[in-house]
Amino acid sequence: MWARYINEVLTPAICTLGCKTFLVPELKKRERAPLEAAIAALPTLERRNAWLDALNDRYPSDLLEDSHRKIAQSVARIEAALGERPWLAGDEYSLADIDAYALAAPIRVLAPRLLTAEVAPRMLRWLGAISKRPAVKSALAASKTGT
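In this text the structure is predicted, and so the values were computed from the model without any measurement. (Residues numbered from 1 in each chain as written. Predicted model: local features only at pLDDT ≥ 70, side-chain atom pairs only at ≥ 80, totals over all residues. Heavy atoms only, no water.)

Engineer: Account for unusual backbone geometry, naming residues and giving values.
Structural biologist: You will see that Asp57, though not glycine, has its phi angle at about 50°, which is positive. Relative to the helices and strands, Asp57 is located in the loop between helix H3 (45-55) and helix H4 (61-84). (Helix = DSSP H or I, 4+ residues; strand = E, 2+ residues; numbered from the N terminus.)

In C-alpha cells form, the structure reads like this:
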C-alpha cells in the first residue's frame, strides 16, 4: 500500500520540484547542442518531453502548486501513520520506510515549509531515526546532495 501511494503521489511531486531545483540550473551551465542531441536519441517520447521540460525550464505554476499540494498531503498521511505506530507499516522498520524515506527526505530541501516541527514532528523524528541507520549514512555519504 505504501509503495503504491509513494510511487503514484509523492514520486511525481518530488521529481518535478527536484528537477526544477537541481536539474534546471545544471543544464543551464552546459552547452545546449549536445544536450538536445542526447535528448533526441532517447527511446520514448515521454522521456524526451520530460528532459525538454527541464532543458527549457518548462514547469508551469499550476504543476509546481500541485506538486506542493501532493507533498503536503503525503506529509500529513505519513504523520498520521506515525501517530499510530513507530514505523509506517507497523512496529518494525520495513521496506515501506526505506521506500518512503528516499522520497520524503528531500522534502526538507525542496519544500521546507511543508515539513516543520509544528506540522510533522513525528515525521521529522522518523526521518532522523532512519538517517542514523548505518546503510543510510553510507548511502548519504556517497550522494551528491546529501539528501
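Having seen the structure, we can now continue with the description.
Engineer: Hey, could you go over the environment of Phe22 for me, with residue numbers and the actual values?
Structural biologist: Relative to the helices and strands, Phe22 resides in helix H1 (residues 2-28). Owing to a relative accessible area of 36%, Phe22 belongs among the partly exposed residues under this scheme. Distance from Phe22 to Tyr59, taken between C-alpha atoms, is 13 Å for residues 37 residues apart in sequence. Excluding residues that lie within four positions of it along the chain, Phe22 makes contacts with Val109 and Leu110. (Buried < 20%, exposed > 50% of the residue type's maximum accessible area, 1.4 Å probe, protein only. Contact = heavy atoms within 4.5 Å.)

Engineer: Which residues make up helix H5 (residues 95-104), and what values go with them?
Structural biologist: Regarding H5, the residues found buried are Ala96, Asp97, Ala100, Tyr101, Leu103 and Ala104. In the core, the buried residues of H5 are packed alongside H1, helix H6 (107-110), helix H7 (121-131) and helix H8 (134-142).

Engineer: Help me get a handle on the packing of H5 against H7, residues and values and all.
Structural biologist: Running from N to C, H5 and H7 point in directions that differ by 105°, and their axes come no closer than 11 Å. When the axis of H5 is compared with that of H7, the two are roughly perpendicular. Where H5 abuts H7, its residues Asp97, Ala100, Tyr101 and Ala104 lie against Met123, Trp126, Leu127, Ile130 and Ser131. Here the contact of H5 with H7 is composed, by residue class, of 7 nonpolar, 1 polar and 1 charged. (Axes fitted to C-alpha atoms, helices over the stretch in contact; angles between N-to-C directions. Parallel < 35°, antiparallel > 145°, perpendicular 65-115°, else oblique. Nonpolar A, V, L, I, M, F, W, Y, C, P; charged D, E, K, R; others polar.)

Engineer: Can you tell me about the environment of Ser143, naming the residues and giving the values?
Structural biologist: Inspection of the secondary structure puts Ser143 in the segment after H8. Its relative accessible area of 28% is what places Ser143 among the partly exposed residues. Separated by 88 residues in the primary sequence, Ser143 and Leu55 have C-alpha atoms spaced 23 Å apart.

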